[in-house]
Amino acid sequence: MNNQNSILNSMMIIGIDPDLEASGVAIVRNGQIESLQNMDFFDLQEFIQLQKEVEPDVIFAVEDVELNKALYAKHNGQKAKVREKIGQNVGQAKGVTRLIEQYLIRLNCRYVMVAPLKGRFKKAKKDSEYFNRLTGWTGRSNADKRDAAMIALYGIKPGQYVPRPSEVPH
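**Quick word on the side chain of Asp147**
For Asp147, the location among the structural elements is in helix H6 (residues 143–154). Assessed through its relative accessible area of 3%, Asp147 is described here as buried. The residues touching Asp147, leaving out its near neighbours within four places in the chain, are Asp17, Glu63 and Lys125.

**Quick look at the confidence of the model for the chain**
Segments scoring low in pLDDT should not have their predicted coordinates read at a detailed level. Mean pLDDT over the chain stands at 85; residues scoring 70 or higher make up 79%. Counted against residues more than four places away or in other chains, residues 1–7, with its pLDDT under 50, gives seven contacts.

**Thoughts on the pairing of strand E4 (residues 59–63)**
Successive side chains on a regular strand alternate, one facing one side of the sheet and the next facing the other. With five of its five residues buried, E4 lies for the most part within the structure. Judged by which residues are buried, E4 turns out to be covered on both faces: Ile59, Ala61 and Glu63 on one side and Phe60 and Val62 on the other are all buried. With four bridges connecting them, strand E1 (residues 12–17) and E4 associate as parallel partners. Of the residues in E4, the one forming a bridge with Ile14 is Phe60. Taken together, the five bridges between E4 and strand E5 (residues 110–114) define a ladder with parallel strand orientation. Bridge pairing in E5 places Ile59 opposite Arg110.

**So, the sheet that holds E1**
One open sheet holds the five strands; their spatial order is E3-E2-E1-E4-E5, and the pairing between them is mixed. Two strands close off the open sheet at either side, each with one partner strand: strand E3 (32–39) and E5. Taking the axes of each pair of neighbouring strands and ignoring which way they run, one obtains an average angle of 20° across the sheet.

**As for unusual backbone geometry**
Unusually for a residue other than glycine, Asn30 sits at a positive phi of about 55°. Turning to its location among the elements, Asn30 is positioned in the loop between strand E2 (23–29) and E3. Residue Asn30 is classed as partly exposed on the basis of its relative accessible area of 45%. One non-glycine residue with positive phi stands out, namely Asn108, at about 60°. Turning to its location among the elements, Asn108 is positioned in the loop between helix H3 (80–106) and E5. Residue classification places Asn108 among the partly exposed residues on the basis of a relative accessible area of 23%.

**So, the packing of aromatic side chains**
For the structure on display, the rule yields two aromatic pairs. Where Phe41 meets Phe42, the ring centres are 5.6 Å apart and the plane angle is 80°; that geometry is what we call edge-to-face. The lysine or arginine in question, Arg120, covers the ring of Tyr154, its NZ or CZ lying 5.8 Å from the ring centre. Geometry around Tyr130 places Lys123 over its ring, the cationic atom sitting 4.3 Å from the centre.

**Structural notes on the pattern of salt bridges**
If you walk through the whole model with that rule in mind, you get four salt bridges. Between Glu34 and Arg29 there is a salt bridge whose closest N-O contact spans 2.7 Å. For Glu55, the salt bridge goes to Arg29, with nearest N and O atoms at 3.2 Å. One end of the pair, Glu55, is in the loop between helix H2 (41–54) and E4; the other, Arg29, is in strand E2, and 26 residues separate them in sequence. Taking relative accessible area as the criterion, Glu55 reaches 26% and is therefore assigned partly exposed.

Rules and cut-offs
- Residues numbered from 1 in each chain as written.
- Predicted model: local features only at pLDDT ≥ 70, side-chain atom pairs only at ≥ 80, totals over all residues.
- Heavy atoms only, no water.
- Helix = DSSP H or I, 4+ residues; strand = E, 2+ residues; numbered from the N terminus.
- Buried < 20%, exposed > 50% of the residue type's maximum accessible area, 1.4 Å probe, protein only.
- Contact = heavy atoms within 4.5 Å.
- pLDDT = per-residue confidence, 0-100.
- Pairing = 2+ DSSP bridges.
- Axes fitted to C-alpha atoms, helices over the stretch in contact; angles between N-to-C directions.
- Phe/Tyr/Trp six-rings, centres within 6.5 Å; stacked < 30°, edge-to-face > 60°.
- Lys NZ or Arg CZ within 6 Å of the ring centre and 35° of its normal.
- Salt bridge = Lys/Arg side-chain N within 4 Å of Asp/Glu carboxyl O.

Quick look at the structure:
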C-alpha cells in the first residue's frame, strides 16, 4: 500500500450519491463504513456543515452525474415516456449535484467529484449481498446508500490530492 492510500484510509470520507428526493450518504473512516443514510437536500446541507465543523479535514466524494451518458431517441428500445422520465430524473440529480458542489465550495470543504462507478463497483450498488461481501457491511442499505459508500471507498484515486477550493489557483 502506498503512502497516499494509507493517508486516505486514516481519514474520514463522506460519499454522496446526489438525488432530488433523498441523497445517499455514507460515512467512511479508516477504510470502514460507519454509517449509511438517506437525506433530503436541506438535511444534507446541515450535515455537511456539522461534519466540516467537527472534522475540518473531512473529504467529501460526490458522484458527478454530469458525466452520465446522454439519453438518445432509441435508447435500448425504451418507449418515449420511459426515456422522458429517466431524463427528468437525471436532470434533477444533475441540479442537486451542482448545488451540493456550490455549497462545498462556499464552506471551503475538501471535495472531489467522482465519475459514476463501473464494473464490480456498479454491481455493488444493485446487489446488496455482493456489496456486503465486498465491504463487510452488515446493516441495512438501499441502492443510493450503497452507491454513496462505493464512492467514498473507491472514488478517490490512489495518489489523488483533494484540495480545498481556496487552495486551487483561479
